[in-house]
Amino acid sequence: MIRIHTLLPAMLVIAGSGLSSDVFKMQPSWTYHISNQSGLAYISSLCLDDDSIPDLIMGNRPEGYLKAFYGVGDGSFLPGEQYAFPDIRWIETADINDDGYMDVVARSSSNSADSFYVFLNSEDGIFESAPITVHSYFPTMAGSFSIGYIDSDSILDIVSVNKIGEIYLFSGSGDGSFTAQMIYQETGNSTALALGDVDDDGDQDIVVMVYEQLSVLLNNGDGSFIWNGYYGFFYAGGGNTIGSIDLGYLNDDSFLDIACCPSGAMGTNALHTLLGQGDGSFVQIEPVWFVDGVALTQTRIGDYDLDGNMDVFYSGNHGVLLMLGTGDGLISLDFLDYLTPRAWQVTASDLDLDGDIDFIQATGDTPTSFQMEVFLNKTIQLGIEEEEESFVDLIPIVSVTSNPVSESTGVCLSLSEPSFCILNVHNIHGRLVSQVFNGDLSEGNHQLTWNSSVLPAGCYTLVLDTQSECSRVRCVKID
C-alpha cells in the first residue's frame, strides 16, 4: 500500500509486503547456496576472462574468503577458485594495472585496522593469491570508496571517505600499488561517496553524503579539489547513517543528477533525487519517498525498463526496490520486495546477454542458510517499446543506418542550422562510454561512423547535443 504521509505532503511512504514487478521476473532463475555464520555476502559483476560473458566475485565475510564464479551466458554461473580474505566489508572491480583484465579492490574491517587490498587478475581469470595492501586506517573508521581517473596521469585511482569525514585520494601507480593522501576533511558523519563529472569540465568530481546533506568537491584536473557547497536536505533521523549515492542522467539536460538514500531514520529510508545544474550545484526535487523498515545500502541508476528514461534501483538489508524514471527527475514505484532478508551487496548487470539489466543478490531465510539468486529482466522478452513521437520529431534528428549494431555503423544527423555538436554514446546504466563526434557541423545532412567494436553486447543510447537541441536514438550492440 502506498499512502500520503499526513505530516509532510511532499513525502510518500511505501509500505506493505511486496509488489509484483513489470520489469523483473520475481522467481530466481539461478541459485547458489552459501552456508556461513551470518550470511554477510558481498557480490560484484565483472568479466574475469576473455569470453565477454559476465562473471562474479563473491566475498564471504564470516568465513573469510573471496570466490570466483564463471558465467555461462544465460544468467547461471559455475563456481571457481577461492581466495582467503578475512573480515571483508565491500568489493569493487576495475582494471587497476591496465592490462585488459578486471581486478578486485576489497575493503577489510577488523578490530585492529580497516584496510584496502587489490587482487590482481593474472590474465586467465584467476587472481594472484597474495593481495597488495593499499592502506590501513584506525579501527571502525572506514566508509565508502569509488574507483576512477582522478588526476591527470590516466591511471585509475581510489577515493575513500571514512566515518569521521576524512576524504582520502589513493593515487594509482599502474601496478596495483597506491600513494595515499588526505585531500579534505568533512564536518560530520560521512559514509557514502560517488564520483562523476558534475560541472561538465571533463574531470571526475566527488559527491559525499554528510549526515543530512550532500557535499560536492570539484576537481581542478590534477587531483586537488575545491569545495562547492552543500545541497539538499535529507531525513537521516539521527545516529550513524548508512547511505548510498549514484550519479546518472535523470532528465534530458545532459547534466549529471543524483539519486541517494541517507538511511537510518528510525528504520525508515528516504529516497531523494537532485537535478544537476551543470556547474556542480544541485536542486532537490519532490516528492520524497520513504520505505519503512528497509536499511538500503546501495543505489544504482540505469534504464531498467528500456524506455529511454533512467530508473533507480535500491537494495539493502531486508529489501530491494525499483523506482521507474519519468525523464524529468521524478520516480515512480515498480516493485518493492520486503521478503528479502540481508540483501547486502546486490550487483546489477546484463547477466544473460540479452540487452537488459538483471540483478543478483545474497539472500536467505535464516541467519545460517543463505544463497545467491539471479533475477532476470523480462523487458527484452516482452519487446522494447517504440520510441516516443517527441524523439522522432525533434530537430536535429539522429539515427543509425543499422540496428542491431555489430562492429560499426553509420550515424545520420539532420541539422536545421549550423551548430557545435557533441555526439556521445551511453550504456544501459546511463554512463558515457564513448564519443563519436565533437565539433562544428553545417546545416543539412551528415553521416558519421560509430566504431562499437570495443564495446560489449547490450543496449546503448546515442545522444546528440547541439547549441539549441538534444536528440537521441537507442540501439542494440551484438557480438
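Anything mentioned here points back to the structure above.
Summarised in this report is the structure supplied together with it. (Residues numbered from 1 in each chain as written. Predicted model: local features only at pLDDT ≥ 70, side-chain atom pairs only at ≥ 80, totals over all residues. Heavy atoms only, no water.)

For the protein, the helix and strand inventory stands at two helices and 37 strands. Within the protein, buried positions represent 57% of all 479 residues. Taking contacts inside the protein between residues at least 6 apart in sequence as the whole, the part at least 24 apart equals 50%. With an accessible surface of roughly 18,800 Å², the protein has 51% of that area assigned to carbon and sulfur atoms. (Helix = DSSP H or I, 4+ residues; strand = E, 2+ residues; numbered from the N terminus. Buried < 20%, exposed > 50% of the residue type's maximum accessible area, 1.4 Å probe, protein only. Contact = heavy atoms within 4.5 Å. Areas by Shrake-Rupley, 256 points an atom, 1.4 Å probe, with all protein chains shown as cover.)

Counting 29 residues, the largest nonpolar core has Ile57, Leu66, Ile91, Val104 and Phe127 as its most contacted members. Mapped by element, the contributors of at least two residues to this core are strand E4 (41-46), strand E6 (65-71), strand E8 (88-94), strand E9 (103-109), strand E10 (114-119) and strand E14 (166-172). For this core, the element with the most residues is E8, which contributes four residues. When sequence neighbours within four positions are dropped, the list of residues in contact with Phe127 reads Leu46, Leu48, Ile57, Tyr83, Met102, Asp103, Val104, Phe119, Leu120, Asn121 and Ser122. Among the nonpolar cores identified, the runner-up in size contains 19 residues, and Val398, Val405, Leu423 and Tyr460 belong to it. (Core = buried A, V, L, I, M, F, W, Y, C linked by side-chain atoms within 4.5 Å.)

Here we come to the sheet that holds strand E33 (residues 419-426). Strand order in the open sheet formed by four strands is E34-E33-E36-E37, and the pairing between neighbours is antiparallel. If you trace the sheet from one side to the other, it starts and ends with strand E34 (432-441) and strand E37 (470-477), each paired once. Each adjacent strand pair in this sheet contributes to an overall mean axis angle of 15°, direction not counted. Here E33 runs beside strand E36 (residues 458-465); their pairing, made up of five bridges, is antiparallel. (Pairing = 2+ DSSP bridges. Axes fitted to C-alpha atoms, helices over the stretch in contact; angles between N-to-C directions.)

Turning to the side chain of Asp257, a few remarks are in order. Here Asp257 is to be found in strand E21 (residues 257-261). By relative accessible area, Asp257 is classed as buried at 0%. Within the local environment of Asp257, its side chain forms a polar contact with the backbone nitrogen of Asn251, the two atoms lying 3.3 Å apart. Not counting the four nearest positions on each side in its chain, Asp257 is found in contact with Asp246, Leu247, Gly248, Tyr249, Leu250, Asn251, Leu274, Leu275, Gly276 and Phe282. (Polar contact = N/O pair within 3.5 Å; in protein donor to acceptor, adjacent residues only side chain to side chain.)

On to the sheet that holds strand E7 (residues 77-84). Ordered by their spatial adjacency, four strands build an open sheet running E4-E5-E6-E7, and the pairing between neighbours is antiparallel. Two strands lie at the open edges of the sheet, namely E4 and E7, each paired on one side alone. Across the sheet, the mean angle from the axis of one strand to that of its neighbour is 20°, orientation sign disregarded. Bridge count for E6 against E7 is six bridges, and the pairing is antiparallel. Bridging across to E7, Leu66 finds its partner in Tyr83.

Further remarks concern unusual backbone geometry. At Asp200, a position not held by glycine, the phi torsion is positive, near 60°. Along the polypeptide, Asp200 turns up in the loop between strand E16 (190-196) and strand E17 (205-210). Although it is not a glycine, Ser254 sits at a positive phi angle of roughly 70°.

Let us now look at the environment of Asp334. Within the secondary structure, Asp334 is located in strand E27 (residues 331-337). Note on Asp334: relative accessible area 7%, which makes it buried. When the C-alpha atoms of Asp334 and Ser20 are compared, they prove to be 7.7 Å apart, with 314 residues separating the residues in sequence. Within polar-contact distance, the side chain of Asp334 engages the backbone nitrogen of Asp22 at 3.1 Å.

We now examine the pairing of strand E13 (residues 157-162). In terms of residue burial, E13 counts as a mostly covered element, since six of its six residues are buried. Every second residue of E13 is oriented toward a common face, with Asp157, Val159 and Val161 on one face and Ile158, Ser160 and Asn162 on the other, all of them buried. Where E13 lies against E14, four bridges are found, and the strand directions are antiparallel. Considered in E14, the bridge of Ser160 is made with Tyr168. Counted between consecutive antiparallel strands, the loop separating E13 from E14 contains three residues, among which Gly165 sits at a positive phi close to 90°.

By the element assignment, Asp95 lies in the loop between E8 and E9. Among the polar contacts listed, one links the side chain of Asp95 to the backbone nitrogen of Asp99, at a separation of 3.2 Å. Setting aside its immediate chain neighbours within four residues, Asp95 contacts Gly100, Tyr101, Met102, Asp103 and Leu156.

Moving on, we get to the packing of aromatic side chains. Taken as a whole and assessed by the stated rule, the structure comprises 21 aromatic pairs. Ring geometry for Phe85 versus Tyr117: centroids 5.3 Å apart, planes at 85°, classification edge-to-face. Of this pair, Phe85 sits in the loop between E7 and E8 while Tyr117 sits in strand E10; the two residues are 32 residues apart in sequence, bridging distant segments of the chain. The class of Phe85 is buried, set by a relative accessible area of 4%. Aromatic side chains Tyr168 and Phe170 sit 6.1 Å apart centroid to centroid with 15° between the ring planes, which places their arrangement in the stacked category. Here the two residues Tyr168 and Phe170 agree in accessibility, since each one is buried. Among the aromatic residues, ring-to-ring pairing joins Phe24, Tyr304, Phe313, Phe335, Phe359 and Phe375 into one connected group. (Phe/Tyr/Trp six-rings, centres within 6.5 Å; stacked < 30°, edge-to-face > 60°.)

Quick look at the environment of Tyr83 now. Position of Tyr83 relative to the elements: it lies in strand E7. Tyr83 sits in the buried class, given a relative accessible area of 8%. In this structure, the C-alpha to C-alpha distance between Tyr83 and Phe119, residues 36 residues apart in sequence, is 9.6 Å. Dropping the residues within four chain positions of it, Tyr83 is found in contact with Gly64, Tyr65, Leu66, Phe119, Ile126, Phe127 and Ser129.

The subject of this paragraph is the environment of Val312. Here Val312 shows up in strand E25 (residues 311-317). The spacing of Val312 and Ile301 is eleven residues in sequence and 4.6 Å in space, taken between C-alpha atoms. In this view, Val312 contacts Leu250, Ala259, Thr299, Arg300, Ile301, Leu321, Leu322, Met323 and Ile331; residues no more than four positions away in its chain are not counted.

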